[in-house]
Amino acid sequence: MTLDFERLQALGWLFDGWPQTGPWADAIAQTHRLAPDARPARVVAQHRTGYEVSDATADAFNVVSLPAWQRPNLAPGERPCVGDWLLITGAADGGAEAQTLLPRASALTRAAAGEHYGQQLIAANIDVVFLVMGLTQDFNLPRIERYLSLVRGRTQAVVVLTHADDDPSDGALAGAARARLADLDIPVVAVDAREAASVAALSPWLGPGTSAVVVGSSGAGKSTLTNTLLGHARMKTGAVRERDARGRHTTTHRALWRLPGGACLIDTPGMRELKPTGEEALDEDGFSDVAAIAARCVFRDCHHDKEPGCAINQAIATGTLDAARVANYLKLQEEIQTAAARKAARQAPRSGNRKPSRAKLRRNDQRFGKSE
Ligand SMILES: Nc1nc2c(ncn2[C@@H]2O[C@H](COP(=O)(O)OP(=O)(O)OP(=O)(O)O)[C@@H](O)[C@H]2O)c(=O)[nH]1
Ligand SMILES: [Zn+2]
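Please read all numbers here as calculations on a predicted model, not as lab measurements. (Residues numbered from 1 in each chain as written. Chains lettered and ligands numbered in written order. Predicted model: local features only at pLDDT ≥ 70, side-chain atom pairs only at ≥ 80, totals over all residues.)

### Digging into the pairing of strand S8 (residues 128-134)
Where burial is concerned, most of S8 is hidden: seven out of the seven residues are buried. The side-chain alternation of S8 yields two buried faces, one formed by Val-128, Phe-130, Val-132 and Gly-134 and the other by Val-129, Leu-131 and Met-133. Pairing between S8 and strand S9 (residues 156-162): seven bridges, direction parallel. Counterpart to Leu-131 in the pairing with S9 is Val-159. (Buried ≥ 20, exposed ≤ 12 C-beta atoms within 10 Å, placed from the backbone. Helix = DSSP H or I, 4+ residues; strand = E, 2+ residues; numbered from the N terminus. Pairing = 2+ DSSP bridges.)

Listed below in structure tokens is the structure:
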């Protein structure tokens, strides 16, 4: 079977054809031994019982999940999520089946409140995260820094400041953000999120095949920006009425969208607000300078309060470190520790390998579909 790799690249496929070496090549070769026709497809939406994918032959069709992915106690990272690449068999117009989950180049996670698992995977294989904040009363530079430290790995973060059209600071806030983030190589773009001409300033990060997500707190302008990028309005919940292959109107909750310029925008209502999961390493992400100095404190468990020999307080006194930045670091450190403790508490009763109750199995069947 010849595959239209150009169409796959438009969906975010990273190679000119089949990769020849590396973990993807290995996974593909292994699948092809059993299913020589298996082809790549990207997850565009997640349903209770299966996945919706797009591939080189068609847009947004259902594939049957692997039974293994429906096991309730599967680690959340092992189940596909929006943005993942699968290998599938079967026709797009019926009978398509998932065969393999390909390795992830990157993943965006968040703390899952009230769930069994401390961490929830919200999107995979993301190239760019647009961190949206208004140039309004909502503007808060420390919060931008905290959000940024949650964006990890290969993903490029871009700060998008909305309300550039009615900015009471007349550019001063954007300038401050730029100055503060220059060292981290994080671009800051001020836009009127309602105007296509203004939002076009984001096009350097939206080349063909790029996968982007929009995050930020409530009211920051995420929906407005998303709609302007898409070039048309859609409902806030992500529900859209579309025509399916037979011309019927259907309502889908698709989460991966193709932008007119060729990039993919991933947007699900649940993924927008970033919160620490408890697994962040501030020393590596965003605050390595502060962590390096903290390592020189006399006490290993220094709270950088009034302890003697505190290198952090010394650095603040001599002007090497900004006090506000340290306060921000400590606040985020505390949020991460709280999240980690919550997560540990949630997981503790599970580690005893107890048999799940019948009621729980039934609940899981309802949630994930019955396994075979
Ligand atoms: N003047 C102006 N108004 C904007 C801009 N961006 C967003 N708004 C307005 O701000 C309000 C909130 O924007 P939304 O896009 O709904 O914000 P959101 O981040 O999606 O909010 P949630 O759905 O609560 O997460 C709307 O009334 C927008 O029209 C902007 O750049 N300029
Ligand atoms: Zn200290």
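Alright, that's what it looks like, and here's the rest.
### What to know about the nonpolar core
In this structure, Leu-86 and Leu-131 are the most contacted members of the largest nonpolar core, which totals 68 residues. A total of six residues in this core trace back to one element, the largest contributor, which is S8. Setting aside residues no more than four positions away along its own chain, Leu-86 makes contact with Ala-41, Val-43, Val-53, Pro-80, Ala-98, Thr-100, Leu-101 and Leu-102. Of all hydrophobic cores here, the second largest spans 11 residues; its members include Val-290, Ile-312, Leu-321 and Ile-336. (Core = buried A, V, L, I, M, F, W, Y, C linked by C-beta atoms within 7 Å. Contact = placed C-beta atoms within 7 Å.)

### Side note on the UniProt feature "binding site: Zn(2+)" (unreviewed entry) in the protein
Under the UniProt annotation, "binding site: Zn(2+)" (unreviewed entry) lies at Cys-297, Cys-302, His-304 and Cys-310. When sequence neighbours within four positions are dropped, the list of residues in contact with Cys-302 reads Cys-297, Glu-307 and Cys-310. Summarising the element assignment, His-304 is placed in the loop between helix H7 (288-294) and helix H8 (311-317). Take His-304: there are 21 C-beta atoms within 10 Å of it, and that puts it in the buried class. The residues touching His-304, leaving out its near neighbours within four places in the chain, are Ala-294, Cys-297, Cys-310, Ile-312, Asn-313, Val-326 and Leu-330. (UniProt positions renumbered as here; feature names shortened; annotations may be inferred.)

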